[in-house]
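# Summary of the model geometry
One letter stands for each residue in the lines below.
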2 protein chains.
Amino acid sequence: MTSKQRAARQGNATIFDVAEQAGVSIKTVSRVVNNEPNVRESTRDKVLEAVERLRYLPNVAARSLSGRRSRVLGLVYGSPDEFSYMKDVLDGALSACEERDYSLLLRPLTLPNAELVEQVERFITQARVEGVVLPAPMGDLPDLQRLLRRLETPFAAITPKVATAGQVTILCEEQAASCSLTEFLIERGHRAIGFIKGDPDHGATAKRFAGYRQALAKHGIRYRGRLVRQGYFNFDSGKAAAAELLNLPQMPTAIVASNDDMAAGTLLAARQRGLAIPEDLSVAGFDDAPLASRLWPPLTTVRQPIREMAKTAAGLLMDRLNGNATEPPVVPFACEIVVRESTT
Amino acid sequence: MTSKQRAARQGNATIFDVAEQAGVSIKTVSRVVNNEPNVRESTRDKVLEAVERLRYLPNVAARSLSGRRSRVLGLVYGSPDEFSYMKDVLDGALSACEERDYSLLLRPLTLPNAELVEQVERFITQARVEGVVLPAPMGDLPDLQRLLRRLETPFAAITPKVATAGQVTILCEEQAASCSLTEFLIERGHRAIGFIKGDPDHGATAKRFAGYRQALAKHGIRYRGRLVRQGYFNFDSGKAAAAELLNLPQMPTAIVASNDDMAAGTLLAARQRGLAIPEDLSVAGFDDAPLASRLWPPLTTVRQPIREMAKTAAGLLMDRLNGNATEPPVVPFACEIVVRESTT
DNA sequence: CAATCAAATGACAACGTTGTCAAGCCGGGG
DNA sequence: CCCCGGCTTGACAACGTTGTCATTTGATTG
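Starting from 1, residues in each chain are numbered consecutively following that chain's sequence as written. Labels follow written order: the first chain is A, the first ligand is 1, and so on. Local features in a predicted model are, by the rule used here, given only for residues with pLDDT of at least 70; side-chain atom pairs are given and counted only at 80 or more, and totals for whole chains, interfaces and linings are based on all residues. The side-chain figures draw on all heavy atoms in the structure; neither hydrogens nor water molecules are used.

## A closer look at the overall build of chain A
Think of it this way: any DSSP run of H or I at least four residues long counts as a helix, any run of E at least two long counts as a strand, and we number them from the N terminus. Summing up its helical and strand segments, chain A has 14 helices and twelve strands in all. Atoms considered for the radius of gyration are the C-alpha atoms alone. The globule rule reads 2.2 Å times the number of residues to the power 0.38. Against the compact-globule benchmark of 20 Å for 344 residues, chain A has a radius of gyration of 26 Å, which places it well outside the compact range. On the principal axes, the C-alpha backbone points of chain A span a range of 85 × 40 × 35 Å. Under the scheme applied here, a residue whose accessible area is under 20% of the maximum for its type counts as buried, over 50% as exposed, and between as partly exposed, the area being computed with a 1.4 Å probe on protein chains only. For chain A, the residues scored as buried account for 56% of the 344 residues in total. Here, two residues are considered to be in contact whenever any of their heavy atoms come within 4.5 Å of each other. In chain A, 71% of the contacts between residues at least 6 apart in sequence involve partners at least 24 apart. Note on areas: these come from Shrake-Rupley sampling with a 1.4 Å probe, and a residue is covered only by the protein chains present in the view. Counting every atom, chain A has about 15,000 Å² of accessible surface; 49% of that belongs to carbon and sulfur. For the purpose of counting charges, residues Lys and Arg are taken to be positive, whereas Asp and Glu are taken to be negative. His and the chain ends are not included. Every charge is mapped onto a representative atom, which is NZ of Lys, CZ of Arg, CG of Asp or CD of Glu. Counting 43 positive and 40 negative side-chain charges, chain A places the averaged centre of each group 2 Å from the other.

## Details of helix α7 (residues 116–127) of chain B
Between its first and last C-alpha atoms α7(B) spans 17 Å; for twelve residues at 1.5 Å apiece the expected length is 16 Å, and the two agree. Those residues of α7(B) that are buried lie in contact with α5 (60–66) of chain A together with β1 (72–78), β2 (103–109), β3 (131–134) and α8 (142–150) of chain B. Looking one or two residues past α7(B), B:R128 carries a phi angle of roughly 55°, positive in sign. Here a helix's expected span is defined as the number of its residues, less one, multiplied by 1.5 Å.

## Description of unusual backbone geometry
Residue A:I277 is joined to A:P278 through a cis peptide bond whose omega torsion reads 5°. Assignment of secondary structure puts A:P278 in the loop between α12 (260–272) and β9 (282–284). Following B:A136, the chain continues to B:P137 via a peptide bond in cis, the omega torsion being 5°. Considering the arrangement of structural elements, one finds B:P137 in the loop between β3 and α8. For A:D101, which is not glycine, the phi dihedral falls at a positive 65°. Take A:D101: it is sitting in the loop between α6 (83–99) and β2 (103–109). Take A:D101: its relative accessible area is 31%, and that puts it in the partly exposed class. In this structure, B:F233 takes a positive phi of about 70° despite not being glycine. Position of B:F233 relative to the elements: it lies in the loop between β7 (228–230) and α11 (235–247).

Read these as spatial facts, not as claims about activity.
Structural data, given as structure tokens:
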């Protein structure tokens, strides 16, 4: 059986088949396929033609085994995380990987998790993951960062914090956005503005809260702790927190929830008290999840270009892995306020 | 440098290190690690101890290259698909893969797509994907099925159709569920029941519609085509279709939408006409997306155990790949009606 | 025209595992 | 006591690619 027949039968030609077809050595084929320099133009053409004809695709396992490079990126995320967020992260990361011919391996994690370090270490060493993308709030876990540094595995964190020295950091200006959102309400006459915080373990929580306080301070409005409640980025906690705020002797005229799911909970709590939105209460969220535009009334919220952020994160990470280190690796992204009908 | 030192430095021991440590050959280590028979108990213990001590993890690339097996499963999905659905599919498939030490590679596809076959072929051959999981509606694409058969790549389809002879088929009894849902409304006195169909390219669309008609027939209610509108499984199409139904001279007293997103659109259309839900109009959806419980009023809908279905799909697929073919590979799953407040 | 040097190409080992096949070991039957 | 056969074990090739280094080629220079 000739190699050509073998290729046809198995549906995948090897580098030997291409070399034979093009009348060169396998090493030259390798050079052409990997865009290495020092190949004569005519030779390159011959090889590319053979590649084309045989529909040759390099075997990733052999590549990974031979070279140092596995061409695999890892994506570590919290499995119960809001999924519209993860969808965008996934889309962005995958599209970056596709451009550079990388694979993306997923590692969902349930938090909190005592075995986190062990699980991720296993994930990285076994699959020879070259680099890891950490969408928020994964970049905020000190244990994880320490592990990645120990394994000398570069990573790209999407996070509102800037603590990841030396690593790719995709920064969303959440504090500024939260401040703008709060100001938007202040400018429309609101003075008693409630705020529902997110999960304390997420870096975004502090930033969004800081933006709220910053806006109050800027406009000389006294901060009142009783207008602030703790939530956990989910519907039920938002509903409960909102119910408390609406029970206050002096009910706020507006509530900012730290994400859309909690804003949806706020809407429900308001409805249960017979309040009209936005006439009796303005409500704003964060994230511009698909949910936001499906609710009634549609939510005023803050949109982050998550997909682009994730694509940039993965892209810069791969650039670094390949030595094209474009400094500085800290890239800020701006958020945008989306005004809908839940606010007056 | 001894192999032990090398292992310590690089963070990953090889099979040689383990063999040396345990005083056996690499082949014996391989046998132990892969749970192959015919290894003396005492030998097995020695090896396992060495594995433990060196924190040995087999190199997936070498495994893939050497054996026929890549231990990689592919998940082909439509990238704009409803993502709560994909989240469950992903969760389920990943958890099955984790149990069996497989990796899962994702291949999102935008449909319709002329290059579909080429893209998937590349995906499968390059990464040496052993088998493919096809969540609905991917299992309904004839081109894709033909390709997979040509590549001799087994697959597991999650679909309401039963057309995938010889392959793992995870069946959701959507017609029965749709029938029950419609009957639920009929039993509560509704006679003029509108129906919003889904995307014609999805297998689920026909099944859900058939269930609706079945229920009408069963209760002697005449089918009226004007009460049925075409939608495309998204919010806007649902809203438009509902608006048409609500404009009818004889407005339906209930509307069944083929998924929750279209039901959300229906809610909005009803609100814009000043209708009270469920007093003036009952609305029901399909899928029990997170959205369903966040809307007002919360949606009556149909829940499918998607996560379990995907886990079973991936699990059975891997069992087949490993020769543990437990026939028959057609597994039906029942749906469940979730009654909430959008129906009277 | 020979010497020199850079560019182009190739031979071969290495990557870490599994598959194949042969060999060693051990107990039981003739 | 020897032989047989099954359980254990090991030696070695193979998987398909890249890295290293040597060799060939071709042009340039003295």
